[in-house]
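# Commentary on secondary and tertiary structure
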Amino acid sequence: MLHFSRLKVTAVLLTTFIFCAFAVPNFFPEKTVQSWPKWAQRHLVLGLDLQGGSHILLEVDTNAVRKEKVETLRDDVRRVVRENRLGSPAAATIRGTTVEFRIREGVDAQVALTKLRELSQPLGGILSATGQRSVDVVDAGNGIIRLTPTEPSIIERIRQSVEQSIQIVERRVNELGTVEPSIQRQGLDRILVQVPGLQDPSRLKELLGKTAKLAFRLVDQTVPIDQALTGNVPAESELLKSTKAENNQPYLIEKRVVVSGEDLTDAQPGFDQRTTEPIVSFRFNNNGARRFAQITQENVGKPFAIVLDNEVISAPVIREPILGGSGQISGNFTVQAANDLAILLRAGALPAPLTIIEERTVGPGLGQDSIEKGKLASYVGSAMVIIFMFLTYGLFGLFANIAVAINVAMIFGVLSLLNATLTLPGIAGIVLTVGIAVDSNVLIYERIREEVRAGRSPIMAIDAGFTRALATILDSNITTFIAAAVLFYIGTGPVRGFAVTLGIGIITTVFTAFTLTSLIVAMWVRWWRPKTVPI
Amino acid sequence: MRLLRIVPDDTKFDFMRFRRISFPVSALLSIIAVVLYFSHGLNFGIDFVGGTLMEVQSKSGPADLAKMRETVSGLGLGEVQLQQFGAPTDVLLRVAQQPGGEGAQQAAVAKVRQALGDSVEYRRVEVVGPRVSTELLAYGTIGLVVAIIGIQIYLWFRFEWQFALGAMIANVHDIVLTIGFMSLAQIDFDLTSIAALLTILGYSLNDTVVIYDRIRENLRRYKRMSMPDLLNSSVNSTLSRSIITHVTVTLALLALLLFGGHAIHSFTATMMFGVVLVGTYTSIFIAAPILIYLGVGLGREARKDEA
């Protein structure tokens with residue numbers, strides 16, 4: 001055990017040095033590190049609990065996706081029915097998750113089935129043909145055909161919605177101008193947004209909570225608003241309220257969308273030239289411009305409504321045809337509201353609403369406090385352990401302390417290499433590792449003491465002590481490692497940070513116990529040729 | 001320099017005889033812990049029951065709890081707990097989970113923020129919706145069970161099954177007592193508590209494994225020693241290590257407890273109880289002697305008679 005070949009010594013020292021070296025970038029300011037080569041830039045990331053910031057978990061409304069999927073299917077069925085004269089398009093209706101259609105009398109059910117089956121596409125393209133199709137088409141008898149989107153096709157659609165949502169969320173968050181926001185998918189239908197250094201997440205949440213479906217629709221004037229409020233609402237219109245800024249006024253709005261937000265190419269906040277009120281100016285693409293021009297020409301003198309997520313932003317009267325393909329939206333905005341609306345319109349509408357299901361925000365003040373407290377606890381804890389070890393084992397205690405110091409440096413190195421996140425519980429994990437790491441030394445030293453008492457010569461005792469203790473060290477650390485691994489798997493955020501430092505701490509502890517500690521002692525034995533063991 | 005000797009060399013305590021006391025005591029304590037769990041319950045944090053937690057700091061001197069309570073209780077958010085948290089300026093608000101799904105939680109936060117306004121600094125806001133809290137509770141429970149099983153399997157591979165079973169009993173004993181402690185002290189039971197429990201598990205086992213290793217070694221070395229003697233010798237020869245390691249762990253935890261701040265206070269307090277108080281005791285007084293009952297070294301006494 002005490003014999004180290006030159007090669008082994010070099011290997012141990014080199015490994016130790018390399019891992020310690022990876023910790024170096026953490027001690028330099030970010031600016032300096034950025035000028036270094038890419039491979040040397042890896043460094044620890046402070047968790048949101050230390051640097052402050054918001055962790056927001058969003059869930060895509062999968063029910064909305066399912067609903068939309070069925071509605072699209074119904075529209076498709078109606079189109080096929082119309083094109084093939086299979087019956088009245090209105091006979092296709094939604095029942096729960098299914099579209100039901102009754103064939104006109106005299107039409108062959110088989111023909112209808114064949115035509116409607118064309119709506120069902122194989123899933124996943126030709127390459128990954130799984131034999132699954134997008135729609136189940138069933139002849140329910142009595143001239144009724146039922147069409148249901150298959151579960152795989154819905155899952156596929158949810159997946160797409162989440163992908164799209166991530167892109168849109170990214171655009172919205174980036175508009176906030178914060179440093180290094182992180183947006184990740186979690187599970188099937190969730191998106192985790194982490195924004196460091198955000199003092200107040202209200203605005204972020206506001207931006208994320210809006211679906212931002214914009215529509216230009218005409219105001220229905222066939223029925224006075226008072227009558228509509230008492231229940232007399234025409235079938236092709238609906239009652240909508242205006243925004244809070246516009247005093248929640250009720251409007252009767254046609255359901256038909258003249259131009260939708262998808263046809264916008266740009267939106268910018270600005271000020272109205274005459275009233276100096278904050279506004280959002282926008283520009284349509286060709287298609288939108290043409291449609292908007294046509295509608296405004298036909299409806300001069302009538303009001304139209306700008307509707308965002310079923311809320312009327314404003315309902316101005318069309319004074320003259322708008323032919324240029326651009327316009328402006330006013331609505332008693334504050335400067336910030338106009339800004340946010342422009343961001344939302346530029347980023348585009350979410351395919352489905354997002355709900356915030358978890359939020360954890362730490363202010364920068366608390367983060368700074370936590371860093372300072374974590375540091376203090378680390379210093380005090382380490383100092384106490386180091387002093388105690390020295391008092392207990394003297395020179396060998398010193399060896400142990402060197403090993404522990406290198407151990408901690410290696411933990412930081414590995415954490416940096418993995419670009420891991422350091423959290424307050426993570427710091428606790430490191431402090432705990434200091435307390436535990438010396439255990440491997442204690443095991444070895446106590447064993448050596450025993451061997452000395454059993455009458456062995458110093459070198460024999462040291463050798464036997466190491467050999468016997470190492471098996472125990474391995475066994476006892478693996479149990480803790482299992483606990484850390486489980487914790488890593490189930491934990492999130494700060495707790496996961498704890499699992500990471502604990503787990504890495506165990507690995508480096510075992511490594512130093514097996515290599516470095518014995519190397520130090522071996523060197524000492526070789527140089528001093530001790531007559532007694534001073535422990 | 002004279003070195004510190006916490007434990008004298010060659011101790012010969014009769015730990016095994018003590019099992020006649022330690023087993024009933026542990027059984028009693030475990031029962032008390034279970035009773036506490038069912039009578040007091042655990043102080044489940046928002047991680048597991050959902051709701052909102054806000055840590056605010058008054059900007060103008062010490063916080064006026066009474067006034068703040070009045071302001072918040074008028075919002076119609078149901079049960080709102082306020083408590084001083086560390087410094088006199090700091091207050092922890094806890095709003096129970098709101099009926100009405102995920103969106104209602106966010107609405108509650110907005111209301112509280114509006115009511116308290118700019119008079120306070122919002123140091124921490126955590127909102128956990130019903131869906132996430134249900135999941136976290138499930139994950140936490142599954143995690144504990146998986147960890148126990150995983151460790152058992154490992155021990156089973158490395159030792160004989162009696163050792164794995166002994167460690168398992170010691171394990172469950174540790175967790176039960178720690179949960180009893182958390183119930184008694186009404187420590188917030190959240191994700192970090194699960195982390196604390198898992199760490200306690202890991203370290204209590206660490207200790208047990210060190211003693212078991214020695215027992216296994218001695219079983220091979222002393223074929224004729226009676227089981228209680230062998231266990232005593234094993235525990236005594238590892239005693240110095242047990243104590244010294246516990247001192248170092250205690251020192252580390254103490255530093256965290258005293259200086260680590262409030263955010264990890266309950267975490268370290270739980271760990272202190274579990275690792276330092278229960279873990280060591282269990283390894284020596286439960287995990288080791290229970291091997292006698294599990295039939296390790298069966299027939300040793302008989303062989304001794306023959307000799």
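The next thing to look at is the overall build of chain A. Counting its secondary structure elements, chain A contains 15 helices and 19 strands. Scaling as 2.2 N^0.38, a compact globule of 535 residues should have a C-alpha radius of gyration of about 24 Å, whereas chain A reaches 35 Å, well beyond that. Principal-axis analysis of the C-alpha atoms gives chain A an extent of 110 × 65 × 45 Å. Evaluated residue by residue, chain A yields a buried proportion of 44% over its 535 residues. Within chain A, contacts between residues separated by at least 24 positions form 69% of all contacts whose residues are at least 6 apart in sequence.

The next point concerns the overall build of chain B. When helices and strands are tallied, chain B shows 11 helices and 6 strands. The globule rule puts the C-alpha radius of gyration for 307 residues at 19 Å, and the 24 Å found for chain B is more than 25% above it. In terms of overall dimensions, chain B has a C-alpha envelope of 85 × 50 × 30 Å along the principal axes. Taking all 307 residues of chain B together, the buried fraction comes to 49%. Here the analysis covers contacts within chain B between residues at least 6 apart in sequence; of these, 79% occur between residues at least 24 apart.

Turning next to the domain arrangement of chain A. Once the domains are mapped, chain A shows domain 1 (6-51 + 364-528), domain 2 (63-155) and domain 3 (214-326). Averaged C-alpha coordinates put domain 1 of chain A and domain 2 of chain A at centres separated by 63 Å.

Turning next to the environment of B:T282. Residue and element names in this part refer to chain B. Counting through the fold element by element, T282 comes out in helix α9 (residues 265-287). For T282, a count of 26 C-beta atoms within 10 Å puts it in the buried group. T282 sits 254 residues away from L28 along the chain, and the two C-alpha atoms are 14 Å apart. Once residues within four sequence positions are removed from consideration, T282 is found in contact with A170, H173, D174, S204 and A287.

Glancing now at the pairing of strand β5 (residues 120-128) of chain B. Among the 9 residues that make up β5(B), 8 are buried, leaving the element largely enclosed by the rest of the structure. Relative to β5(B), strand β18 (residues 354-362) of chain A runs antiparallel, the two sharing 5 bridges. Bridge pairing in β5(B) places A:R360 opposite B:E126.

Okay, the sheet that holds strand β14 (residues 278-284) of chain A next. All names here are of chain A. What the 3 strands build is an open sheet, ordered β13-β14-β17; its pairing is antiparallel. For this open sheet the edge positions go to β13 (264-271) and β17 (326-329), each flanked by a neighbour on one side alone. Between one strand axis and the next, the sheet turns through 25° on average, direction left out of account.

Right, let's talk about the interface of chain A and chain B for a bit. Taken together, the contact between chain A and chain B spans 61 residues of the former and 62 residues of the latter. Elements represented by at least two residues in the side of chain A that touches chain B include exactly β18, α11 (364-393), α13 (424-453), α14 (458-490) and α15 (493-528) of chain A. Considering each element in turn, the side of chain A that touches chain B owes the most residues, 16 residues, to α11(A). Here the residues of the side of chain A that touches chain B sort into 35 nonpolar, 15 polar and 11 charged.

Bringing the packing of helix α5 (residues 130-158) of chain B against helix α6 (residues 161-185) of chain B into the picture now. Residues and elements named next belong to chain B. Packing of α5 against α6 leaves a shortest axis separation of 8 Å and a crossing angle of 150°. In this view, α5 runs roughly antiparallel relative to α6, as classed from their interaxial angle. As α5 runs across α6, the sense of the crossing is right-handed. Contacts between α5 and α6 involve I148, Q152, L155 and W156 from the first element and W161, F163, A164, A167, M168 and N171 from the second. Among the residues forming the contact of α5 with α6, the class breakdown is 8 nonpolar, 2 polar and no charged.

A few words now on the pairing of strand β3 (residues 80-85) of chain B. All names here are of chain B. Relative to strand β4 (residues 87-95), β3 runs antiparallel, the two being bridged by 6 bridges. In the sheet register, F85 faces β4, and the bridge partner there is A87. Hairpin connection from β3 to β4: 1 residue lie between these consecutive antiparallel strands, with G86 at a positive phi of about 80°.

Taken in spatial order, the 8 strands make up an open sheet running β7(A)-β8(A)-β2(A)-β18(A)-β5(B)-β2(B)-β4(B)-β3(B), and their pairing is antiparallel. Only two strands of the sheet have a single partner each, and these edge strands are β7 (182-186) of chain A together with β3 of chain B. For this sheet, the mean angle separating the axes of adjacent strands, direction not counted, is 20°.

This part is about the packing of α13(A) against α15(A). Residue and element names in this part refer to chain A. For the pair α13 and α15, interaxial distance at closest approach is 8 Å and the crossing angle is 25°. Comparing the axis directions of α13 and α15 gives the class roughly parallel. Here the hand of the crossing between α13 and α15 comes out right-handed. Residue-level inspection shows L424, P425, G426, A428, G429, I430, T433, I436, A437, S440, N441 and I444 of α13 in contact with α15, the latter providing P494, V495, G497, F498, V500, T501, L502, G505, T509, A513 and T517. Classifying every residue of the contact of α13 with α15 by side-chain character gives 13 nonpolar, 10 polar and no charged.

This part covers the environment of A:V486. Considering the arrangement of structural elements, one finds A:V486 in helix α14. Separated by 16 residues in sequence, A:V486 and A:L502 place their C-alpha atoms 12 Å apart. The contact partners of A:V486, leaving out residues within four places of it in the chain, are B:G143, B:V146, B:A147, B:G150 and B:L198.

Here the focus is helix α1 (residues 19-39) of chain B. Residues and elements named next belong to chain B. Here α1 is 21 residues long and its end C-alpha atoms lie 29 Å apart, about the 30 Å a rise of 1.5 Å per residue gives. All buried positions along α1 are accounted for by R19, S26 and A33. When α1 is viewed along its axis, its buried side chains cluster within an angular range of 50° and face the same direction. The exposed residues of α1 that point more than 90 degrees off its buried face are R20, I21, P24, A27, L28, I31, V35, F38 and S39. Packed against the buried residues of α1 are α6 and α9. Following α1 by one or two positions, G41 adopts a phi angle in the positive range, close to 75°.

A word on the nonpolar core. Grouped together as the largest cluster of nonpolar side chains are 210 residues, with contacts concentrated most on A:V431 and B:A252. Among the elements that take part in this core, α13(A) stands out by supplying 16 residues, more than any other. Inspection of this core shows a minimum of three residues originating in each of domain 1 (6-51 + 364-528) and domain 3 (214-326) of chain A. When near neighbours in sequence (up to four residues on either side) are disregarded, B:A252 contacts A:G381, A:V385, A:V431, A:L432, A:V434 and A:G435. In terms of nonpolar packing, the next biggest core, distinct from the first, is built from 15 residues, A:L73, A:V81, A:L86 and A:V99 among them.

Residue and element names in this part refer to chain B. For chain B, mean pLDDT is 86; residues scoring 70 or higher make up 96% of the total. When the elements of chain B are averaged for pLDDT, helix α11 (residues 300-306) gives the smallest value, 49, and α1 the largest, 91. Within the model, pLDDT remains below 50 along residues 302-307, and this stretch shows 4 contacts once partners closer than five positions in the same chain are excluded. Two summary scores accompany this predicted model of the complex, namely pTM at 0.82 and ipTM at 0.87.

The next subject is helix α12 (residues 395-417) of chain A. The α-helix winds at 3.6 residues per turn, so residues separated by three or four positions along the chain end up facing the same way. All names here are of chain A. Relative to the 33 Å expected for 23 residues at 1.5 Å per residue, α12 spans 33 Å between its end C-alpha atoms, a close match to the ideal helical length. Across the 23 residues of α12, 17 count as buried, placing the element largely inside the fold. After α12 finishes, the residue N419 shows a positive phi value of roughly 50°.

One non-glycine residue, A:N248, lies in the positive phi region at around 50°. What makes A:N248 exposed here is the crowd of 11 C-beta atoms within 10 Å. In this structure, B:Q186 takes a positive phi of about 50° despite not being glycine.

Rules of the game
- Residues numbered from 1 in each chain as written.
- Chains lettered and ligands numbered in written order.
- Predicted model: local features only at pLDDT ≥ 70, side-chain atom pairs only at ≥ 80, totals over all residues.
- Helix = DSSP H or I, 4+ residues; strand = E, 2+ residues; numbered from the N terminus.
- Rg over C-alpha atoms; globule rule 2.2 N^0.38 Å.
- Buried ≥ 20, exposed ≤ 12 C-beta atoms within 10 Å, placed from the backbone.
- Contact = placed C-beta atoms within 7 Å.
- Domains from an automatic or database assignment.
- Pairing = 2+ DSSP bridges.
- Axes fitted to C-alpha atoms, helices over the stretch in contact; angles between N-to-C directions.
- Nonpolar A, V, L, I, M, F, W, Y, C, P; charged D, E, K, R; others polar.
- Parallel < 35°, antiparallel > 145°, perpendicular 65-115°, else oblique.
- Left-handed = near helix turned anticlockwise from the far one by under 90°.
- Expected span 1.5 Å × (residues − 1).
- Arc of directions from axis to C-beta.
- Core = buried A, V, L, I, M, F, W, Y, C linked by C-beta atoms within 7 Å.
- pLDDT = per-residue confidence, 0-100.

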